[in-house]
Amino acid sequence: MTKKLKKIDSRLAGLIKKEIERQKFTIDLIPSEAIAPNEVLEVLGSPLINKYSEGGIGRRYYPGNKYIDKIEDLAKKRAKEVFGLGKNWEVNVQLLSGTPANLAVYFGLCNPRDKIMGMSLFSGGHLSHGHPVSLSGKIFNSVTYNSGEDGYLDFDHIEKIAKKYKPKIIISGFSAYPRKVNFRKFYQIAKKVNAYHMADISHIAGLVAAGVHPSPFRYADIVTTTCHKTLNGPRAAIIFYRKELTGKIDKAVFPGIQGGPHNNKVAAIALSLKIAKTAAFKNTMKQIVRNARALAEELRKYGFNLITNGTDTHLMLVDLRNKNISGGDAEKMLEKAGILVNRNSIFIDRKPYNPSGIRPGTVSVSFRKMKEKEMRKIANWIADIIDKKRNPTEVRKEVVELCKKFPLPY
Ligand code: DSN
């Protein structure tokens, strides 16, 4: 932080410094959080934020967008390149975040009260996939499917619900699903009921880009993703859509639900997509999965029950019922030790505020260059705190020492 900032607002500067210190000495296992490179932070803090550019490339409602057009074009081209897309796909990079991206798709393709179908929150779906507290569930008529009791997607059940309700859009892609998603099956079901298939790959976009998770593009009409999870970019989102949907999606984004794009974010998307093509990024994606497997295996050795007994991705879902502790209490105890794991519903839950599970992930720790050995240590600390009731403040000191060995880039 600059001396000037400290001078004009020492209180804010102090709080930002404290948050940076907190990040430095915390093991972050929240699977939706990552560590954006310093260069992405630099672009986000650039004067691009000063420019208004409502509209699209070459058709803005403000003058002075010569360079902004080129930046947006770069982001769009790179988005298609990273996911290997040809001429039959279009892309919108103006989305402020994931929920607006999903709303724009529904708004573009549906009329109010049309049916959309996504996985229930309790099975690992997302609020913006039609939950009644979200606009997606208030404006549209939402129907949900659940995971099977073994935690896996149950395609017979999904097909049954799709045939019963005939939704306009079927949503695949989840916030808390630890296994690879079979996008082909979603596509086949969607086509049987004449629905669009929208894949929300926010959690796994980096894994897809690196070829570590199957790509949805062959089997989807629309793909949405945030940029700040495994993709490790700015807090923003992208919508990919088949060319025949041109017009509908862009108009839904602007003027439908957004005003001027945040050009600093668009530029940061362009940069993070360039980084996503590097060998280093791909290696990190592979390590995220290896680390998740190591953490999952070690937790199982300590008697933790994992939904589906493991993971293929960056996250796992731990059912804490046999440990006699709620997800909320586990979250609080681990936070005292400097280990951040967020509480999460499992399929038997109906109260999201204090559910029966936690959702550890390995994104942030892998960007920090931790490997399997460190995952085993972290599992050991989790077991010590939750099982053996070891004092978290004692563990905290060891956590700080580990964090010092794997410094953040800022
Ligand atoms: N909040 C994100 C997550 O944690 O999965 C999704 O929006």
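Residues numbered from 1 in each chain as written. Predicted model: local features only at pLDDT ≥ 70, side-chain atom pairs only at ≥ 80, totals over all residues. Heavy atoms only, no water.

**Student:** Got a minute to help me understand the overall build of the protein chain in this structure?
**Tutor:** Helix and strand content of the protein chain: 16 helices and 15 strands. Here the protein chain has a C-alpha radius of gyration of 21 Å; the compact-globule value for 410 residues is 22 Å, and the two agree. Counted over contacts in the protein chain with a minimum sequence separation of 6, partners at least 24 positions apart contribute 72%. For the protein chain, the accessible area works out to roughly 18500 Å², and carbon and sulfur atoms hold 53% of it. (Helix = DSSP H or I, 4+ residues; strand = E, 2+ residues; numbered from the N terminus. Rg over C-alpha atoms; globule rule 2.2 N^0.38 Å. Contact = heavy atoms within 4.5 Å. Areas by Shrake-Rupley, 256 points an atom, 1.4 Å probe, with all protein chains shown as cover.)

**Student:** Sorry if this is basic, but what is going on with the packing of helix H15 (residues 372-386) against helix H16 (residues 392-405) here?
**Tutor:** Packed helices, taken two at a time, are described by the angle between their axes plus the distance between the axes. Between H15 and H16, the shortest axis-to-axis distance is 10 Å and the interhelical angle comes to 170°. Taken together, the axes of H15 and H16 are roughly antiparallel relative to one another. Contacts from Glu-374, Lys-377, Trp-381 and Ile-385 in H15 reach Pro-392, Val-395, Glu-398, Val-399 and Leu-402 in H16. (Axes fitted to C-alpha atoms, helices over the stretch in contact; angles between N-to-C directions. Parallel < 35°, antiparallel > 145°, perpendicular 65-115°, else oblique.)

**Student:** Explanation requested: unusual backbone geometry in the structure shown.
**Tutor:** Note: most residues except glycine have negative phi, and most peptide bonds are trans. Cis geometry marks the peptide bond from Phe-254 to Pro-255, where omega comes out at 10°. The backbone of Asn-194 sits at a positive phi, close to 60°, despite the residue not being glycine. Among the structural elements, Asn-194 can be located in the loop between helix H8 (183-192) and strand E8 (196-200). By relative accessible area, which is 72% here, Asn-194 ends up exposed. Despite not being glycine, Asn-232 has its phi angle at roughly 60°, a positive value. Along the chain, the position of Asn-232 falls in the loop between strand E9 (222-226) and strand E10 (237-242). (Buried < 20%, exposed > 50% of the residue type's maximum accessible area, 1.4 Å probe, protein only.)

**Student:** Would you mind going over the site of the ligand with me for this structure?
**Tutor:** Around the ligand sit Ser-32, His-126, Ser-175, His-203, Lys-229 and Arg-359, and that is every residue in its neighbourhood. One of the side-chain nitrogen or oxygen atoms of Arg-359 is found 2.8 Å away from an oxygen atom of the ligand. In the complex, the protein chains occlude 64% of the 230 Å² of accessible area that the ligand would expose alone. Put simply, the ligand lies in the second largest pocket. (Near = heavy atom within 4 Å. Polar contact = N/O pair within 3.5 Å; in protein donor to acceptor, adjacent residues only side chain to side chain. 1 Å grid on protein atoms, 1.4 Å probe; cavity = no way out; pocket = protein on both sides within 12 Å on 5 of 7 lines; lining within 4 Å. Sits in = over half its atoms within 2 Å of the grid points.)

**Student:** Just to check I follow, could you spell out the pairing of strand E5 (residues 115-119) for this structure?
**Tutor:** The two faces of a sheet get side chains in turn, since along a regular strand they alternate between them. Of all the five residues making up E5, four are buried; the element is thus mostly covered by neighbouring parts of the structure. The pairing of E5 with strand E6 (residues 141-145) spans five bridges and is parallel. In the strand pairing of E6, Lys-115 is matched with Asn-141. Sheet topology note: the E5/strand E7 (residues 169-172) ladder contains two bridges and is parallel. Residue Met-117 lies in a different strand from E7, and its bridge partner there is Ile-170. (Pairing = 2+ DSSP bridges.)

**Student:** Can you help me understand the packing of helix H12 (residues 279-301) against H15 in this one?
**Tutor:** Contact geometry of H12 with H15 gives a least axis separation of 8 Å together with a crossing angle of 35°. Between H12 and H15 the crossing geometry is right-handed. Of H15, the residues touching H12 (which contributes Gln-287, Arg-290, Asn-291, Ala-294, Leu-295, Glu-298 and Leu-299) are Glu-372, Met-375, Arg-376, Ile-378, Ala-379 and Ile-382. (Left-handed = near helix turned anticlockwise from the far one by under 90°.)

**Student:** Can you help me understand empty space enclosed by the protein in this one?
**Tutor:** If you roll a probe as big as a water molecule over the atoms, it shows you where there is empty space left. Under the criterion given, the structure shown has two cavities of 30 Å³ or more. Around the largest cavity, the lining is made up of 14 residues, and of these Phe-174, Tyr-177, Val-181, His-203 and Ile-204 lie nearest the centre. Here the residues of the lining of the largest cavity sort into seven nonpolar, five polar and two charged. Within this model, the second largest cavity holds a volume of roughly 60 Å³. (Points joined across faces, edges and corners; volume = space filled by probe spheres on them. Nonpolar A, V, L, I, M, F, W, Y, C, P; charged D, E, K, R; others polar.)

**Student:** Which parts of the structure should I look at to understand helix H13 (residues 327-336)?
**Tutor:** At 3.6 residues per turn, the α-helix brings residues three or four places apart onto the same side. Looking only at H13, the buried set comprises Gly-327, Gly-328, Ala-330, Glu-331 and Leu-334. Along the long axis of H13, the arc covered by the buried residues comes to 160°, so they all point the same way. Looking at H13, the residues exposed on the side facing more than 90 degrees away from the buried face are Lys-332 and Lys-336. Where the residues of H13 are buried, they touch strand E13 (339-340), strand E14 (343-344), strand E15 (357-358) and H15. One or two steps after H13, the chain reaches Gly-338, where phi turns positive at roughly 85°. (Arc of directions from axis to C-beta.)

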